[in-house]
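# Fold and geometry: a report
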Amino acid sequence: MDPILKRTGGAWIGWSGAREQLPADILSKLREEQSAIPVRLAPEHGLRFYEGYANQAVWPLFHSFISRAKFVPENWSSYHDGNERFCDAIVEQYREGDRIWVHDYHLMLLPRMLRRRLPDAAIGFFLHIPFPSSDIFAVLPRGEMLLRGLLGADLVAFHTHSYLQHFRRSLRRLLGVESTLDCVEAAGRRIRIEALPIGIAPESLTSLLETAESKSHVDELRRRYEGSQILLAIDRLDYTKGLPERLRAFERLLRTHPELEGKVVLIQVAVPSRENIESYQELRAEVHELVSHINGKHGTAGWVPVNYIHRSLPPDEVAALYRIADVAWVAPLRDGMNLVAKEYVACKEDGNGVLILSTFTGAAAEMGEALLVNPMDEEDSAEAVFRAINMDAAEKRDRMGALRERVLRNDVYAWGDQFLSRLDEASAARTLPESTGAIPMPAAEFEQAFRTAPERKCRLLLLDYDGTLVPIADRPPDAVPGANIIELLTRLAADPRNRVFVISGRKSEDLERWLGNVPHLGLAPEHSARWRFPGSHEWHGHTAPHEWKQTVRPILQHYVDRTPGSFIEEKGFALVWHYRTADPEFGEWLATELVSMLEGMLADTELRAYRGKKIVEVKPPWANKGAIVPELLAAYPDTGFLCAMGDDRTDEDLFAALPKDAWSIFVGDGVTKAKYRLARPADVSRVLQRLVD
Ligand code: GDG
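Computed from a prediction, not measured in an experiment: that's the story for all the values here. Each chain carries its own residue numbering, running from 1 in the written order of its sequence. For a predicted model such as this one, the threshold for reporting local features is a pLDDT of at least 70, and the threshold for listing and counting side-chain atom pairs is 80 or more; totals across whole chains, interfaces and linings nevertheless cover every residue. Think of the side-chain values as coming from all heavy atoms in the structure, minus any hydrogens and water.

## What to know about the site of the ligand
Here is the rule: The cutoff for a nearby residue is simple: one of its non-hydrogen atoms must lie within 4 Å of the molecule or strand. Here a polar contact means two N or O atoms within 3.5 Å. Within protein one must be a hydrogen donor candidate and the other an acceptor candidate, and residues neighboring in sequence count only if both atoms are side-chain atoms. Note on areas: Shrake-Rupley with a 1.4 Å probe; residue coverage comes only from the protein chains shown. Put simply, DSSP H or I for four residues or longer makes a helix, DSSP E for two residues or longer makes a strand, and each gets a number counted from the N terminus. Throughout this entry, Asp, Glu, Lys and Arg are counted as charged residues, while Ala, Val, Leu, Ile, Met, Phe, Trp, Tyr, Cys and Pro are counted as nonpolar. The remaining residues, Gly among them, count as polar. Domain start and stop positions are those given by an automatic or database domain assignment.
Around the ligand, a shell composed of 21 residues is seen, among which His128, Leu313, Asp335, Met337 and Glu343 lie nearest. Separating an oxygen atom of the ligand from a backbone N or O atom of Leu339 is a distance of 2.8 Å. Across the complex, the protein chains shield 80% of the 740 Å² of accessible surface that the ligand would expose by itself. Among the elements of the structure, strand S9 (229-236), strand S10 (264-271), helix H13 (315-324) and helix H14 (339-346) are those that each provide at least two residues to the shell around the ligand. Among the residues forming the shell around the ligand, the class breakdown is twelve nonpolar, five polar and four charged. Both domains that furnish three or more residues to the shell around the ligand are identified here as domain 1 (2-195) and domain 2 (202-410).

What follows is the structure, encoded as structure tokens:
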């Protein structure tokens, strides 16, 4: 972040790790020279904030190491308290127009805390580690609080699309919050979600190699390892980084290729990390033991196979190692991104190097020219190394050339600029537009418009059935119209000036059976793929092709088998999977899976999969309720009053197709394009009753 802060003139607010308050002269030096402002955590909370919930619960779980996760309730309160202290420090520094960029898993409660105190601030959040699958996330105690915490931001960003998808699933599963690919609407605001892979600052690394001192250091290293292929691994000593697995693979390489004796060396830099945590102490012991084992077993008087460096090196030495290494061996078991892979590539100007990269890093999603390995597969890893050290120069140059181009182009500046411009856009678009909140229906005005429609013109009423005229039933066949609705429709349709249509997703037989005897009632079943005019029994509209149902039905059947209580409904133009009586969370989860699967399958057909209220419907796009509006306006050019009522996503097509001066009325409390709103089907009956009275 340092180069970005310098460029934008930002300040860094962070915890120094110190238990005590820093002396005043150091504080002012930090502020003046580095724009760094330390947050003070109470001594009893400080370590527990960092080493407790953040690094013993969130870190292992987010890296899919469930069995390493530890949850201690006291650590949770320190985590909460730590986030609050950050909030205080930020609020103290904040000036109107500032942008706040919150980093990483230690501070996931912070966006919401900030939103409460600075409602108008632009707040962005970036997660540097993976976001786990929702199965794993669900294991994390207080996970819902973290999700709510993040939803305080205007922008929440991750390294990869797959982390983003995991986040979306967790939102649905734990909070019941729906999202689209790039947006979540929650707590009355719109939150943007993004995949923005981080980059590096290549020149701040390569410039370290330009000094005379550094050049002679590189020459000296080259002399020292002359005749050997140099494999390089640089990691924090963390169990996610796969050090023991890599050492074992290296041992296998030496065992299976004895001809490599004296000709290959592995330089492993292991930077000490989180040393107070027990699992890190165990890892250190295991790694030390493996290194001694390999060197003891395979080494000779003149050759040490593993050159192990257990400390942090100055940056110029790191750069020199990148420059001389023939192979960088980046093998984490799980890693949000992994910058070492990108830094190595940046230092290989001559293209003479090979990157071996674990598929379980975020970097693998954009570095396909590396030799990709599964670090758990010792044999596969050892062979990848063998291949790398024997690769011919042209192949090395080709692969490295493609990798370099991407690393240099997508640098950390591009990443920072993108994040900040997305944050600006997201905070400007945070408020949900007024149109999504239709106003309560003005009943008296509505009646007045109906009554005073010009004498010689007709009045057109388009009414949805389920959820509008009758309440939604668990099973579709149970939504039979009561005598009151039949009477109401009969009286409404009897007025020679009225043209009344029931426009529904139901199949023709249902509407005919229930409403077919109401004189002068128009029917438009199957989302108006077909219709008949009042007083006529002749059907107009499309005829239905059937062949596609044979392919789609088995897929829906598979979901029926997996979901107790769900079933398939067949209509003339559509197949529908209903899951109203299934477990709600499971049903929603499967519906999303089904729709995304069908999207791929149906891409080159004219069919589409749609989600409605507890249904997934497969149908052609022309079977939509908006399509009938031009037909009816052509049939009734003398329309002087037009009203449409509906409660479902499918009714939105109808609302969108209406002329501007029509009365569009949404039933329920969802987001809608309609102008007016009624609460429930009983209100619809009441309003219609007043028209006939
Ligand atoms: C987190 C995520 C994500 C290493 N040894 C020395 C040294 N390093 C530098 C490397 C590199 C950095 O440390 C390590 O970065 P990584 O990306 O590999 O890993 P994490 O520290 O776990 O970082 C990770 C990252 O955030 C960014 O979003 O990529 O997935 O876990 O820059 O060069 N630097 C110096 N001496 C060393 O001995 N000076």
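## Some remarks on the environment of Gly640
Basically, it comes down to this: Whether two residues are in contact is decided by their heavy atoms, any of which lying within 4.5 Å being enough.
Examined against the element boundaries, Gly640 turns out to sit in strand S25 (residues 639-646). Once the C-alpha coordinates of Gly640 and Leu175 are considered, the two residues, 465 residues apart in sequence, prove to be 46 Å apart. When neighbours within four sequence positions are excluded, Gly640 is seen to be in contact with Ala453, Pro454, Lys457 and Cys458.

## Let's talk about the nonpolar core
What counts is decided by this rule: Put simply, buried Ala, Val, Leu, Ile, Met, Phe, Trp, Tyr and Cys residues joined by side-chain atoms within 4.5 Å make one nonpolar core. Each residue is placed in one exposure class: buried if its accessible area under a 1.4 Å probe, protein chains only, is under 20% of its type's maximum, exposed if it is over 50%, and partly exposed if it falls in between.
Counting residues in hydrophobic clusters, the biggest one holds 92 residues, and the most contacted among them are Phe62 and Phe250. At eight residues, the largest contribution of residues to this core is made by helix H3 (residues 43-62). Two domains each provide a minimum of three residues to this core, namely domain 1 (2-195) and domain 2 (202-410). Beyond its immediate chain neighbours, meaning those up to four positions away, Phe62 contacts Met108, Leu127, Ile129, Pro130, Phe131, Pro132, Phe137 and Leu140. In terms of nonpolar packing, the next biggest core, distinct from the first, is built from 55 residues, Ala201, Ile234, Val407 and Trp415 among them.

## Concerning the domain arrangement of the protein
Which entries qualify depends on this criterion: Buried area: the accessible surface (1.4 Å probe) lost by two parts on joining, summed over both. Basic side-chain nitrogens of Lys or Arg form a salt bridge, by our definition, when they fall within 4 Å of a carboxyl oxygen of Asp or Glu.
According to the domain assignment, the protein consists of domain 1 (2-195), domain 2 (202-410), domain 3 (439-542 + 622-692) and domain 4 (549-619). Relative to domain 4, the C-alpha centre of domain 3 lies at a distance of 27 Å. Each partner contributes to the interface: domain 3 provides 19 residues, whereas domain 4 provides 16 residues. Buried surface at the junction of domain 3 and domain 4, summed over both partners, amounts to about 1400 Å²; 55% is from carbon and sulfur atoms. The tally of links from domain 3 across to domain 4 stands at one salt bridge. For Asp647, the salt bridge identified is with Lys613, shortest N-O distance 2.8 Å. Our count for the contact surface shared by domain 3 and domain 4 stands at eight residue pairs in polar contact (both at pLDDT 80 or more). Residues of the side of domain 3 that touches domain 4, tallied by class, amount to six nonpolar, four polar and nine charged.

## Describing the packing of aromatic side chains
Here is the rule we go by: Pairing of aromatic rings covers Phe, Tyr and the six-membered ring of Trp, with a centre-to-centre limit of 6.5 Å; geometry is then stacked below 30 degrees between planes, edge-to-face above 60, and tilted otherwise. Only Lys NZ and Arg CZ are tested; either one counts as a charge over a ring when it is within 6 Å of the ring centre and within 35 degrees of the ring normal.
Evaluation of the coordinates by the stated rule reveals 34 aromatic pairs. Here the aromatic rings of Trp101 and Trp415 are separated by 5.1 Å at their centres, their planes lie at 45 degrees, and the arrangement is tilted. Of this pair, Trp101 sits in strand S3 (residues 99-103) while Trp415 is found in helix H17 (residues 412-428), placing the two residues 314 residues apart along the sequence. This pair shows no difference in class: Trp101 is buried, exactly as Trp415 is. With centroids separated by 5.0 Å and ring planes inclined at 90 degrees, the aromatic side chains of Phe126 and Trp415 adopt a geometry described as edge-to-face. Within this pair, whereas Phe126 is found in strand S4 (residues 122-126), its partner Trp415 is found in helix H17, the two being separated by 289 residues in sequence. An identical accessibility class is assigned to Phe126 and Trp415; each is buried. Grouped by ring-pair contacts, the aromatic residues Trp15, Phe49, Tyr50, Tyr53, Phe71, Trp76, Tyr79 and Phe86 constitute a single cluster. A cation over an aromatic ring shows up here: Arg274 above the ring of Trp59, its NZ or CZ 4.2 Å from the ring centre.

## Structural notes on the sheet that holds strand S24 (residues 615-619)
Rules: Note on pairing: two strands pair once DSSP finds at least 2 bridges between them. As a rule, the C-alpha atoms of each element are fitted with a line to give its axis, helices using only the stretch in contact, and angles between N-to-C directions run from 0 to 180 degrees.
Across the sheet, four strands lie side by side as S21-S22-S24-S23; this open sheet has antiparallel pairing. Only two strands of the sheet have a single partner each, and these edge strands are strand S21 (567-570) and strand S23 (608-612). Adjacent strand axes in the sheet meet at a mean angle of 20 degrees when their direction is disregarded. Summarising the sheet, S21 and strand S22 (residues 575-578) pair through four bridges and their orientation is antiparallel. The partner of Glu569 across the bridge, within S22, is Val576. Helix-sheet contacts for helix H21 (residues 548-562) involve S21, S22 and S24, and the interaxial angle to S22 is about 5 degrees. The strands touched by helix H22 (residues 584-602) are S22, S23 and S24; relative to S23, the strand with the most contacts, the crossing angle is about 160 degrees.

## Observations regarding the state of the cysteines
Test applied: Only a pair of cysteine sulfur atoms within 2.5 Å counts as a disulfide in this structure description.
Throughout the structure, instances matching the rule amount to zero disulfides. The thiol sulfur of Cys458 is not disulfide-bonded, and the nearest other cysteine sulfur, from Cys643, lies at 13 Å.

## Quick look at the pattern of salt bridges
This structure, assessed with the given rule, holds 50 salt bridges. Residue Glu593 pairs with Arg562 through a salt bridge whose shortest N-O separation is 3.0 Å. With a gap of 31 residues between them, Glu593 in helix H22 and Arg562 in helix H21 connect regions that are remote in the sequence. According to the relative accessible area criterion, Arg562 is partly exposed, its value standing at 30%. The salt bridge involving Lys625 is made with Asp651; its shortest N-O contact spans 2.7 Å. With Lys625 in the loop between S24 and helix H23 (628-635) and Asp651 in helix H24 (residues 649-657), this residue pair connects regions lying 26 residues apart in the sequence. Of the residues examined, Asp651 reaches a relative accessible area of 0% and is grouped as buried. Through salt bridges with shared partners, one network takes in Asp81, Arg85, Asp88 and Arg117.

## Thoughts on helix H4 (residues 73-93)
To be explicit about the condition: One fewer than the residue count of a helix, multiplied by 1.5 Å, yields its expected span.
The terminal C-alpha atoms of H4, which comprises 21 residues, lie 31 Å apart, in line with the 30 Å expected from a rise of 1.5 Å per residue. Listing the buried residues of H4 in full gives Asn75, Trp76, Ser78, Tyr79, Asp81, Gly82, Asn83, Phe86, Cys87, Ala89 and Ile90. Structurally, H4 contributes buried residues whose contacts are with strand S1 (12-14), H3, S3, helix H5 (110-117) and helix H7 (143-150).

## Concerning unusual backbone geometry
Residue Asp104 is not a glycine yet carries a positive backbone phi of 80 degrees. Residue placement: Asp104 occurs in the loop between S3 and H5. Look at Asp104 and you get buried, because its relative accessible area is 11%.

## Quick notes on the pairing of S3
Applicable threshold: Handedness of a crossover is defined as follows: orient the strands so they point away from the viewer, and if the path from the first strand over the helix to the second runs clockwise, the crossover is right-handed.
With four of five residues buried, S3 is to be regarded as a mostly interior element. Across five bridges, S3 lies against S4 in parallel orientation. Following the sheet pairing, Trp101 is matched in S4 by Gly124. The handedness of the S3 to S4 crossover, carried by H5, is right-handed.

## Section: the packing of H21 against H22
When two helices pack together, you describe them by how their axes are tilted relative to each other and by the distance separating the axes. How we decide: These descriptions rest on fixed angle ranges, namely under 35 degrees for roughly parallel, over 145 for roughly antiparallel, 65 to 115 for roughly perpendicular, and the rest for oblique. Each helix crossing is assigned a hand: it is left-handed if the near helix lies turned anticlockwise from the far helix by less than a right angle, otherwise right-handed if that turn is clockwise.
Taken N-terminus to C-terminus, the directions of H21 and H22 make an angle of 165 degrees; their axes are 11 Å apart at the nearest point. Classified by the angle between their axes, H21 and H22 sit roughly antiparallel to one another. When the axes of H21 and H22 are compared, the crossing they make is right-handed. Within the contact between the two elements, H21 uses Val552, Ile555, Leu556, Tyr559 and Arg562 and H22 uses Phe586, Leu590, Glu593, Leu594, Met597, Leu598, Met601 and Leu602.

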